[in-house]
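Okay, here's what each chain looks like letter by letter:
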Amino acid sequence: MLSGRISRYLDRHRDEYYDRLLAVSRDDDWTGWSDFFLTAIAEQANDNLSRARSILALYDELKEWVVDETRSQYGVRALDWIFGKPVFRSSDFVKNSGIPMPTASRILRVLRDSDMLAVVSEARGRRPALLAFTKLLQAAEGSE
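Calculation criteria
- Residues numbered from 1 in each chain as written.
- Predicted model: local features only at pLDDT ≥ 70, side-chain atom pairs only at ≥ 80, totals over all residues.
- Heavy atoms only, no water.
- Axes fitted to C-alpha atoms, helices over the stretch in contact; angles between N-to-C directions.
- Helix = DSSP H or I, 4+ residues; strand = E, 2+ residues; numbered from the N terminus.
- Parallel < 35°, antiparallel > 145°, perpendicular 65-115°, else oblique.
- Left-handed = near helix turned anticlockwise from the far one by under 90°.
- Contact = heavy atoms within 4.5 Å.
- Phe/Tyr/Trp six-rings, centres within 6.5 Å; stacked < 30°, edge-to-face > 60°.
- Buried < 20%, exposed > 50% of the residue type's maximum accessible area, 1.4 Å probe, protein only.
- Pairing = 2+ DSSP bridges.
- Salt bridge = Lys/Arg side-chain N within 4 Å of Asp/Glu carboxyl O.
- Core = buried A, V, L, I, M, F, W, Y, C linked by side-chain atoms within 4.5 Å.
- pLDDT = per-residue confidence, 0-100.

### Observations regarding the packing of helix 3 (residues 30-70) against helix 4 (residues 75-84)
- Interaxial distance between helix 3 and helix 4 falls to 8 Å at its minimum, and their mutual angle equals 140°. Taken together, the axes of helix 3 and helix 4 lie oblique to each other. By crossing handedness, the relation of helix 3 to helix 4 is classed as right-handed. Within the contact between the two elements, helix 3 uses Ile55, Leu58, Tyr59, Leu62, Lys63, Val66, Val67 and Thr70 and helix 4 uses Gly75, Val76, Leu79, Asp80 and Phe83.

Written out as structure tokens, the structure reads:
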């Protein structure tokens, strides 16, 4: 199965994609097809590398900031947890981050107030808020 990213490359180069496939069946041109497909893979690898570097740069940028902003020894632990799950229910963070409950709740409030976390849906009744770390999602999508 092809990744979604290679599929996007093939969609963007649809005419050449079909020409190369036709050349394989008509002219037995596997070299042309291989060259085209390897180019797609190389471009995707470069794109993935760029996204990974953006994610690492974002992490490095926020590591000190989150400790200063939250004034907590658990700041980096919170950041690590959020990097592992950038869309989450607030209750999942409080229960699963390994941070004491009052501190976890305060950290979430600080990160929401500083706009690091966006509220996807507010808490209602027993349903906790759904939060998203949009900068990470944008870096992962390559849409910073």
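From this point, the discussion proceeds with the structure in view.
### Considering the packing of aromatic side chains
- What the rule picks out here adds up to 11 aromatic pairs.
- Ring geometry for Phe83 versus Phe133: centroids 5.3 Å apart, planes at 70°, classification edge-to-face. Of the two residues, Phe83 is situated in helix 4 and Phe133 in the loop between strand 3 (130-132) and helix 7 (134-141); the sequence distance between them amounts to 50 residues.
- Relative accessible area serves as the criterion here: at 0%, Phe133 is assigned to the buried category.
- An aromatic cluster is defined as three or more aromatic residues linked by ring pairs; in this entry it consists of Tyr9, Tyr17, Tyr18, Trp33, Phe36 and Phe37.

### Overview of the environment of Pro100
- Position of Pro100 among the secondary structure elements: in the loop between helix 5 (90-96) and helix 6 (101-113).
- In this structure, the C-alpha to C-alpha distance between Pro100 and Tyr74, residues 26 residues apart in sequence, is 9.1 Å.

### A look at the sheet that holds strand 2 (residues 118-121)
- In space, the three strands of this open sheet follow the order 1-3-2, with antiparallel pairing throughout. The open sheet is flanked by strand 1 (87-89) and strand 2, the only strands paired with a single partner. Across the sheet, the mean angle from the axis of one strand to that of its neighbour is 35°, orientation sign disregarded.

### Focus on the pattern of salt bridges
- One pass over the structure, following the stated rule, counts six salt bridges.
- Close ionic contact of Glu16 with Arg20 constitutes a salt bridge, the shortest N to O distance being 3.4 Å. Of this pair, Glu16 and Arg20 are both found in helix 2 (residues 14-27), four residues apart, which corresponds to roughly one turn of the helix.
- Using a relative accessible area of 31% as the deciding quantity, one classes Glu16 as partly exposed.
- Residues Asp27 and Arg26 are paired through a salt bridge, measuring 3.1 Å at the closest nitrogen-oxygen approach.
- In this structure Asp27 comes out as partly exposed when scored by relative accessible area, which is 46%.
- In this structure Arg26 comes out as exposed when scored by relative accessible area, which is 53%.

### Brief notes about the nonpolar core
- Ile82, Phe88, Phe93, Leu117 and Phe133 are the most contacted members of the largest nonpolar core, which totals 23 residues.
- Elements supplying a minimum of two residues to this core: helix 3, helix 4, helix 5 and helix 6.
- A per-element tally of this core places helix 4 first, with five residues.
- Excluding residues that lie within four positions of it along the chain, Phe88 makes contacts with Trp81, Ile82, Phe93, Leu108, Leu117, Ala129, Leu130 and Leu131.
- If you look at the next biggest cluster of nonpolar residues, it comprises eight residues, including Ile6, Tyr9, Phe36 and Phe37.

### A short note on the confidence of the model for the protein
- Confidence in the prediction of the protein, expressed as mean pLDDT, is 93, and 97% of residues score 70 or more.
- Across the protein, the secondary-structure element scoring lowest on mean pLDDT is helix 1 (residues 4-12), at 84, and the one scoring highest is helix 4, at 98.

### So, the packing of helix 3 against helix 7
- It is the contact of helix 3 with helix 7, at a shortest axis distance of 8 Å, that shows an interaxial angle of 160°. Comparing the axis directions of helix 3 and helix 7 gives the class roughly antiparallel. Across the interface between the two elements, Arg51, Ser54, Ile55, Leu58 and Glu61 from helix 3 touch Lys135, Leu136, Ala139, Ala140 and Glu141 from helix 7.

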